[in-house]
Amino acid sequence: MRAGRATMAARVYFRVRRANVPDPFALPSVLVVADRERVGELVAALSELPSVEVVVSSGGDDTIELFAARHPAVVVVTASLQLGDTRSLIATLRAQVSR
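Just so it is clear, the model here is predicted, and its values are computed rather than measured.

> Please provide a residue-by-residue account of the pattern of salt bridges, values included.
Taken as a whole and judged by the stated rule, the model has 2 salt bridges. The shortest N-O distance in the salt bridge between Glu53 and Arg70 comes to 2.4 Å. Pair noted here: Glu53 is in strand β2 (residues 53-57) and Arg70 is in helix α2 (residues 61-70), with a separation of 17 residues, a long-range link. The partly exposed category is assigned to Arg70, whose relative accessible area is 32%.

> Residue-level account of the sheet that holds strand β3 (residues 74-77), with values.
Taken in spatial order, the 3 strands line up as β2-β1-β3 in an open sheet, and their pairing is parallel. Where the open sheet ends on each side, the last strands, each with one partner, are β2 and β3. Across the sheet, the mean angle separating the axes of adjacent strands is 20° when strand polarity is ignored. Across the sheet, α2 touches β1 (29-33), β2 and β3, and the angle it forms with β2 is around 155°.

> Hey, could you go over the pairing of β2 for me, with residue numbers and the actual values?
For β1 and β2, the ladder comprises 5 bridges, and the chain directions are parallel. When the bridges of β2 are listed, Val33 appears paired with Ser57. Following the backbone out of β1, through helix α1 (residues 36-46) and into the adjacent parallel β2, one traces a crossover that is right-handed.

> Account for α1, with residues named and values stated.
The complete set of buried residues in α1 reads Val39, Leu42 and Leu46. The buried residues of α1 occupy an angular sector of 75° when projected down its axis, which confines them to one face. Exposed positions of α1 whose direction lies more than 90 degrees from the buried face are Glu37 and Glu41. The elements touched by buried residues of α1 are β1, β2 and β3.

Conventions used here
Residues numbered from 1 in each chain as written. Predicted model: local features only at pLDDT ≥ 70, side-chain atom pairs only at ≥ 80, totals over all residues. Heavy atoms only, no water. Salt bridge = Lys/Arg side-chain N within 4 Å of Asp/Glu carboxyl O. Helix = DSSP H or I, 4+ residues; strand = E, 2+ residues; numbered from the N terminus. Buried < 20%, exposed > 50% of the residue type's maximum accessible area, 1.4 Å probe, protein only. Pairing = 2+ DSSP bridges. Axes fitted to C-alpha atoms, helices over the stretch in contact; angles between N-to-C directions. Contact = heavy atoms within 4.5 Å. Right-handed = clockwise from strand over helix to strand, strands pointing away. Arc of directions from axis to C-beta.

Here it is as C-alpha cells:
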C-alpha cells in the first residue's frame, strides 16, 4: 500500500424493511438484463450503490424466474439482447407486477 492512500473501508449493508418482497429484511435488488459485452459496465456502475444487491441475467427464460423470485426494485434492460426480445421481455415483466 502506498503512503498517503486511505485504507479501503468495508462495505456495510443496512437491512431495509420492504413489504412487497417475501423477505422484508432482504437487501433491495437491481436486476440487470444485458449482453455479455455490456453487463460488466452496468454492474460496475450499480455496484457502487450502497445497500443494493445487483442480480444479472442475459435475457433468457432465467430472467423471468429471477424477477419472480427476487422482486427487484429496479430492472435495467439494454435496448438489444442476444437472448430474447427486449420488448417482449419488458411486457412479460410488467404483466407480473401487481398494481
